[in-house]
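Observations on the model geometry
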Amino acid sequence: MAEPKILPPSLRSPKRYIVFEVVSENKTSYTDVVTAIWDNLLIFLGENDTSKTRLWIIKNLYDEELQRGVIKCSHMYVEQLRVALSLISIIGETKATIKIIGVTGTIKSAKTKYLGGIS
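Note that the coordinates shown come from a computational prediction; the quantities given were computed from them, not determined experimentally. (Residues numbered from 1 in each chain as written. Predicted model: local features only at pLDDT ≥ 70, side-chain atom pairs only at ≥ 80, totals over all residues. Heavy atoms only, no water.)

Comments concerning the packing of aromatic side chains
- Enumeration over the complete set of coordinates arrives at two aromatic pairs.
- Ring geometry for Phe20 versus Tyr62: centroids 6.3 Å apart, planes at 25 degrees, classification stacked. Highlighted residues: Phe20 in strand S1 (residues 15–24) and Tyr62 in strand S2 (residues 56–63), separated in sequence by 42 residues. The pair formed by Phe20 and Tyr62 is uniform in burial state, with each residue classed as buried.
- Summarising the aromatic geometry, the rings of Tyr30 and Tyr62 are spaced 6.0 Å apart at their centres and angled 55 degrees between planes, so their arrangement reads as tilted. With a gap of 32 residues between them, Tyr30 in helix H1 (residues 30–52) and Tyr62 in strand S2 connect regions that are remote in the sequence.
- Of the aromatic side chains, those joined through ring pairs into one cluster are Phe20, Tyr30 and Tyr62. (Phe/Tyr/Trp six-rings, centres within 6.5 Å; stacked < 30°, edge-to-face > 60°. Helix = DSSP H or I, 4+ residues; strand = E, 2+ residues; numbered from the N terminus. Buried < 20%, exposed > 50% of the residue type's maximum accessible area, 1.4 Å probe, protein only.)

Written out as structure tokens, the structure is:
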């Protein structure tokens, strides 16, 4: 059986990577951050527009010590996502906010510019 053909880069939808930092009283886990982001995004944008953001919170790029991570999303919804992230006030059981550090077009530049070159 033949493998399905992969879509060429020219036909794929463009994406952006948002580097964020969680500012909180206590350390927050990855699962608490993901839950807070999804819940707030669904409240702010609704189910239809949330699905259009093509949101993906990259697990292996979330550092629990520095509380920094990377979110992949569609290039059309970067500003809406920034607003939704700024509206977060509680993560898990602690008061917290999410600060946007930067937006890039590739994971490599997100690592080198904003995450200190971690791999």
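Some points on the sheet that holds S2
- Taken in spatial order, the five strands of this open sheet run S2-S3-S1-S5-S4, and their pairing is antiparallel. Each having just a single partner strand, S2 and strand S4 (90–91) make up the two edges of the open sheet.
- Pairing analysis gives four bridges linking S2 to strand S3 (residues 68–74), with the strands arranged antiparallel. Across the sheet, residue Trp56 finds its bridge partner in S3, namely Lys72.
- Together, S1, S3 and strand S5 (94–104) form the strand contacts of helix H2 (residues 78–86), whose direction differs from that of S5 by roughly 160 degrees. (Pairing = 2+ DSSP bridges. Contact = heavy atoms within 4.5 Å. Axes fitted to C-alpha atoms, helices over the stretch in contact; angles between N-to-C directions.)

Quick notes on the packing of H1 against H2
- In the contact formed by H1 and H2, the axes pass within 9 Å of each other and the chain directions differ by 115 degrees. Crossing angle aside, the handedness with which H1 passes H2 is right-handed. Facing H1, whose interface residues are Ile37, Asn40, Leu41, Phe44 and Leu45, H2 presents Gln80, Leu81, Val83, Ala84 and Leu85.
- Along the lines of polarity and charge, the residues of the contact of H1 with H2 split into eight nonpolar, two polar and no charged. (Left-handed = near helix turned anticlockwise from the far one by under 90°. Nonpolar A, V, L, I, M, F, W, Y, C, P; charged D, E, K, R; others polar.)

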